[in-house]
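# Remarks on the overall topology
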Amino acid sequence: MKIGFVGLGIMGSAMASNLLKAGYKVTIWNRSPDKYSAFLDLGATVANTPRVVAESSDVLIAMMATPDAVQSVRDGDEGIIAGMSSGKGYVDMSTVDADTSLESYRLAHEKGALFLEAPVAGSRKPAEDATLTIMAAGDQELYETSLPVLEKMGRKILYLGETGKAARMKLANNLVMCGMLTSLSEGIALAAGSGLDTAQLLEVLDSGAVTNPMFRLKGPQIAANRDFPTAFPLKHMQKDLRLALKLAEEVGQPLFVTATINELYKKALTENLGDADFAAISLVIRNK
Ligand code: NAP
């Protein structure tokens, strides 16, 4: 099976590398061509446009930043859809809203192609280690044919049903994760501000019911309150909060805590923390 990969950011570059290392023939495209050199060493073919990637592959995978970024590579004369035809598949692994996915599904089907949304949970390291959780929804036939490819990127892979369900599941997942990390930042800020040893707070947390890998990874960074190496850019987490709140409004579900946390993340963006890791929210929260 020939694979196309569009979007070589933090996640896409690790995922595409794993496909190349697994022996797949992969054609790539990225807005910024400076990302190509590492892939050429792995044997990738570079295409001039997303349309050419689609024309050159059986299954095209995209991993884009935002719904706008999805549109910009999907639509138009040189977009993914222009290169789609019967027998091909379009797998969008970006975190977007269900409306964006449903439009991708509609456009792919207009060209006789199949569509699968497949957003992921797990950050830079799980992407490198091929241990992502992949939530898939859309055309089951494409899910089944692309499963061996997904298995080269993820460890836990779920098929959730019709298009839109995976996008919504991903947003529900991320608001939980963001709430946990924000609470951790507040707990560490309170401990530091009241003369406690933050390392001991992390030890206490790690020995109780809230122990989890994210606290283990990000806790020491937040306790140090500096050096937040970017695994998940803060601007993308704010996008996910915004999309979760939009979904909540559509279905009439109040999200009291998420709405407040979103304001905090908006403040962080005004402080130019968008490209830092989302754990840098600590810089906005902590007084000392
Ligand atoms: P990233 O490093 O910012 O990469 C984003 C990709 O989108 C890059 O290839 C970028 O191209 C491209 N892009 C952005 N705007 C574009 C536009 N207008 N036109 C064309 N291309 C555009 O993001 P990431 O961390 O890999 O995340 C990708 C997706 O996965 C996001 O939806 C994110 O929410 C989700 N996600 C991320 C993580 C994580 O921990 N990082 C975890 C789970 C899910 P350039 O290289 O030219 O900028």
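Everything numeric in this text was worked out from a predicted model, so none of it was measured.

Calculation criteria
- Residues numbered from 1 in each chain as written.
- Predicted model: local features only at pLDDT ≥ 70, side-chain atom pairs only at ≥ 80, totals over all residues.
- Heavy atoms only, no water.
- Helix = DSSP H or I, 4+ residues; strand = E, 2+ residues; numbered from the N terminus.
- Rg over C-alpha atoms; globule rule 2.2 N^0.38 Å.
- Buried < 20%, exposed > 50% of the residue type's maximum accessible area, 1.4 Å probe, protein only.
- Contact = heavy atoms within 4.5 Å.
- Pairing = 2+ DSSP bridges.
- Near = heavy atom within 4 Å.
- Polar contact = N/O pair within 3.5 Å; in protein donor to acceptor, adjacent residues only side chain to side chain.
- Areas by Shrake-Rupley, 256 points an atom, 1.4 Å probe, with all protein chains shown as cover.
- Domains from an automatic or database assignment.
- Buried area = accessible area lost by both parts, 1.4 Å probe.
- Salt bridge = Lys/Arg side-chain N within 4 Å of Asp/Glu carboxyl O.
- Axes fitted to C-alpha atoms, helices over the stretch in contact; angles between N-to-C directions.
- Parallel < 35°, antiparallel > 145°, perpendicular 65-115°, else oblique.
- Left-handed = near helix turned anticlockwise from the far one by under 90°.
- Arc of directions from axis to C-beta.
- Core = buried A, V, L, I, M, F, W, Y, C linked by side-chain atoms within 4.5 Å.
- Phe/Tyr/Trp six-rings, centres within 6.5 Å; stacked < 30°, edge-to-face > 60°.

## Observations concerning the overall build of the protein
- Check the secondary structure of the protein and you find 13 helices and nine strands.
- For 288 residues, the compact-globule estimate of 2.2 N^0.38 gives 19 Å, and the C-alpha radius of gyration of the protein, at 20 Å, lies within 12% of that figure.
- A principal-axis box enclosing the C-alpha atoms of the protein has dimensions of 65 × 45 × 35 Å.
- Residues counted as buried form 51% of the 288 residues belonging to the protein.
- Within the protein, contacts between residues at least 6 apart in sequence are counted, and of these 66% link residues at least 24 apart.

## Remarks on the pairing of strand β2 (residues 25–29)
- Within β2, four of the five residues are buried, which leaves it mostly tucked inside the rest of the structure.
- Judged from the five bridges that link them, strand β1 (residues 2–6) and β2 form a sheet pairing that is parallel. Paired with K2 across the bridge in β2 is K25.
- Direction of pairing for β2 relative to strand β3 (residues 45–46): parallel, over a ladder of two bridges. Each bridged residue has a counterpart across the sheet, and for I28 the counterpart in β3 is V46.

## Topic: the site of the ligand
- Around the ligand, the surrounding shell holds 25 residues, and the nearest of these are N30, S32, K35, S123 and K239.
- For the ligand, a nitrogen atom lies 2.8 Å from a polar atom in the backbone of A231.
- At 2.9 Å, a side-chain N or O of H236 approaches an oxygen atom of the ligand.
- Summarising the interface, the protein chains cover 87% of the accessible area of the ligand, which totals 900 Å² for the free molecule.
- Of all the elements in the fold, those that place two or more residues in the shell around the ligand are α1 (10–21), α4 (67–74) and α11 (234–251).

## Some remarks on the domain arrangement of the protein
- When the domains of the protein are assigned, the result is domain 1 (2–162) and domain 2 (168–285).
- Each of domain 1 and domain 2 has a C-alpha centre, and these two points are 28 Å apart.
- Every contact between the two is made by 16 residues of domain 1 and, on the other side, 15 residues of domain 2.
- A buried area of about 1,200 Å², summed over both sides, lies between domain 1 and domain 2, and 64% of it is on carbon and sulfur atoms.
- Taken together, domain 1 and domain 2 are joined by two salt bridges.

## A few points about the packing of helix α8 (residues 165–193) against α11
- Interaxial distance between α8 and α11 falls to 9 Å at its minimum, and their mutual angle equals 120 degrees. On the basis of their axis angle, the class for α8 and α11 is oblique. Between α8 and α11 the crossing geometry is left-handed. Counted together, R168, L171, N174, L175, M177 and C178 of α8 and M237, D240, L241, L243, A244 and L247 of α11 form the full contact between these two elements.

## As for helix α7 (residues 140–150)
- L142, Y143, S146, V149 and L150 are the residues of α7 that are buried. One side of α7 carries all its buried residues, which in axial view fall inside an arc of 105 degrees. Seen from the buried face of α7, the exposed residues on the opposite side, beyond 90 degrees, are E141 and E144.

## Regarding the nonpolar core
- F5, M15, I61, M93 and M153 are the most contacted members of the largest nonpolar core, which has 53 residues in total.
- Residues contacting M93, with those up to four places away along its chain left out, are M15, I61, A62, M63, A118, P119, V120, I134, L150 and M153.

## Examining unusual backbone geometry
- One non-glycine residue, D227, adopts positive backbone phi at about 55 degrees.
- In this structure, D227 sits in the loop between α10 (213–224) and α11.
- According to the relative accessible area criterion, D227 is exposed, its value standing at 56%.
- Phi angles above zero are rare outside glycine, and N272 is one such case at about 60 degrees.
- By the element assignment, N272 lies in the loop between α12 (256–270) and α13 (281–285).

## Examining the packing of aromatic side chains
- Scanning the model with the defined rule gives three aromatic pairs in all.
- Ring geometry for Y143 and Y159: centres 5.0 Å apart, planes at 40 degrees, overall tilted. Placement of the pair is Y143 in helix α7 and Y159 in strand β9 (residues 154–159), with a sequence separation of 16 residues.
- Residue classification places Y143 among the buried positions, given a relative accessible area of 10%.

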